Amino acid sequence: MPRVLLVNDTEKPIAELREALQRAGYEIMADVAHARALLHAVETQRPDVIIIDTESPTRDTLEQLAVMNAAAPRPVVMFSDVADQSIIRAAVRAGVTTYVVDGMAPAKLAPILEVACARFDEEDKLRRRLADVEQQLADRKDIDRAKGWLMDKRGLSETEAFELLRGQAMKQGAKLGDVARQLLSMSDLLG
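What comes next concerns the included structure. Predicted model, so just to flag it, every value in this text is computed and none were measured.

Considerations on the packing of helix H3 (residues 59-71) against helix H4 (residues 85-94)
No. 1: Taken N-terminus to C-terminus, the directions of H3 and H4 make an angle of 25°; their axes are 8 Å apart at the nearest point. Between H3 and H4, the angle falls in the class roughly parallel. Between H3 and H4, the residues in contact are Leu62, Leu65, Ala66 and Asn69 and Ala90, Ala91 and Ala94, respectively.

Next up, the structure:
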C-alpha cells in the first residue's frame, strides 16, 4: 500500500482528500501542517509520495522542497490555485513532479499520483545514469593524469603505465579510477 504524506499549506480542510486517498488504497501518514517540517517528516515517516496543497507555493515552501529533494527525493504532487509559469517552473526546479492547478478532484487523484510516481521513477533512472556517466568521465580523466605522471616520473610508455595501474587495481581489489586517484594524491605529497 503506497504511503502518502500530506502537506496542507492552506486553511482548507483536507478530510475529503484523505478519504479519497484511503478509498484508492493509499496509507495516509501524519499530516504536515507546514512545509518547514517537510524534510523531518520525510526522513522519519518515509512516505512513497508527497502531496502539497497550497494556494500559492511560497519561497519557503520551494526552498524546503529543494532541500528535501536533495536529501531524500520523493515524488511530489502540488495542488495550487496559481497558474503562473514562473511559479510552476520554480516548483519543478525545487522537485515538484506534478503541478496541478484548479484544485483536487478526488476521482482524479489516483491517476495523478500514478503519473507522478512513474515520472519520478523515470527521472530517478536518468539521474542515476547521469551520475554513473559523470563518474566514468572523472575516472577516465584521473586515469589519464595518473598514466601521464607514471610516464613522466618512471619513463614508461602509455601501455606500460596503464598496465601498472591495472595491476595495482587488481592487487588491491579496487577500481582503476580509485587507484589512479590514490596515485595522484601521493604524487601531490611527493611533488
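Some points on the sheet that holds strand E3 (residues 49-54)
Backbone hydrogen bonds are what pair the strands of a sheet, in a parallel or an antiparallel way.
No. 1: Taken together, five strands build an open sheet; the order of strands is E2-E1-E3-E4-E5 and the sheet is parallel. The open sheet has two edge strands, strand E2 (27-28) and strand E5 (98-101), and neither has a second partner.
No. 2: Here four bridges tie E3 to strand E4 (residues 76-80), and the two strands are oriented parallel to one another. Paired with isoleucine 50 across the strands is valine 76, a residue of E4.
No. 3: Here helix H2 (residues 38-45) sits on the sheet in contact with strand E1 (3-9) and E3, set at roughly 165° to E1.

Focus on the environment of isoleucine 143
No. 1: The residue isoleucine 143 is located in helix H5 (residues 109-154) in this model.
No. 2: With relative accessibility at 5%, the residue isoleucine 143 sits in the buried group.
No. 3: Once the C-alpha coordinates of isoleucine 143 and alanine 169 are considered, the two residues, 26 residues apart in sequence, prove to be 11 Å apart.
No. 4: Those residues within four positions of isoleucine 143 in sequence are excluded, and the remaining contacts are Phe162, Leu165, Leu176, Gly177 and Ala180.

Comments concerning H5
No. 1: With 46 residues, H5 ought to run about 68 Å at 1.5 Å a step, and its terminal C-alpha atoms sit 66 Å apart, in line with that.
No. 2: The inward-facing, buried residues of H5 abut helix H1 (15-23), E3, E4, E5, helix H6 (158-172) and helix H7 (176-190).
No. 3: Following H5 by one or two positions, glycine 155 has its phi on the positive side, about 65°.

Describing the nonpolar core
No. 1: Leu5, Leu38, Ile50, Leu65 and Met68 are the most contacted members of the largest nonpolar core, which totals 21 residues.
No. 2: Looking at this core, the elements with two or more residues in it are E1, H2, E3, H3, E4 and H4.
No. 3: Top contributing element to this core by residue count: H2, with four residues.
No. 4: Not counting the four nearest positions on each side in its chain, methionine 68 is found in contact with Leu38, Leu39, Val42, Ile50, Pro73 and Val76.

Observations concerning the pairing of E1
No. 1: Burial of E1 is extensive: six of the seven residues sit out of reach of the surface.
No. 2: Direction of pairing for E1 relative to E2: parallel, over a ladder of two bridges. When the bridges of E2 are listed, valine 4 appears paired with isoleucine 28.
No. 3: Relative to E3, E1 is paired through six bridges, and the arrangement is parallel. Paired with valine 4 across the bridge in E3 is valine 49.

With respect to the side chain of serine 80
No. 1: If you trace the backbone, serine 80 turns up in strand E4.
No. 2: A polar contact of 3.1 Å, which involves the side chain of serine 80, links it to the backbone oxygen of glutamate 55.

As for unusual backbone geometry
No. 1: One non-glycine residue with positive phi stands out, namely arginine 46, at about 50°.
No. 2: Judged by relative accessible area, arginine 46 falls into the exposed class, the value being 55%.

Rules behind the numbers
- Residues numbered from 1 in each chain as written.
- Predicted model: local features only at pLDDT ≥ 70, side-chain atom pairs only at ≥ 80, totals over all residues.
- Heavy atoms only, no water.
- Axes fitted to C-alpha atoms, helices over the stretch in contact; angles between N-to-C directions.
- Helix = DSSP H or I, 4+ residues; strand = E, 2+ residues; numbered from the N terminus.
- Parallel < 35°, antiparallel > 145°, perpendicular 65-115°, else oblique.
- Contact = heavy atoms within 4.5 Å.
- Pairing = 2+ DSSP bridges.
- Buried < 20%, exposed > 50% of the residue type's maximum accessible area, 1.4 Å probe, protein only.
- Expected span 1.5 Å × (residues − 1).
- Core = buried A, V, L, I, M, F, W, Y, C linked by side-chain atoms within 4.5 Å.
- Polar contact = N/O pair within 3.5 Å; in protein donor to acceptor, adjacent residues only side chain to side chain.

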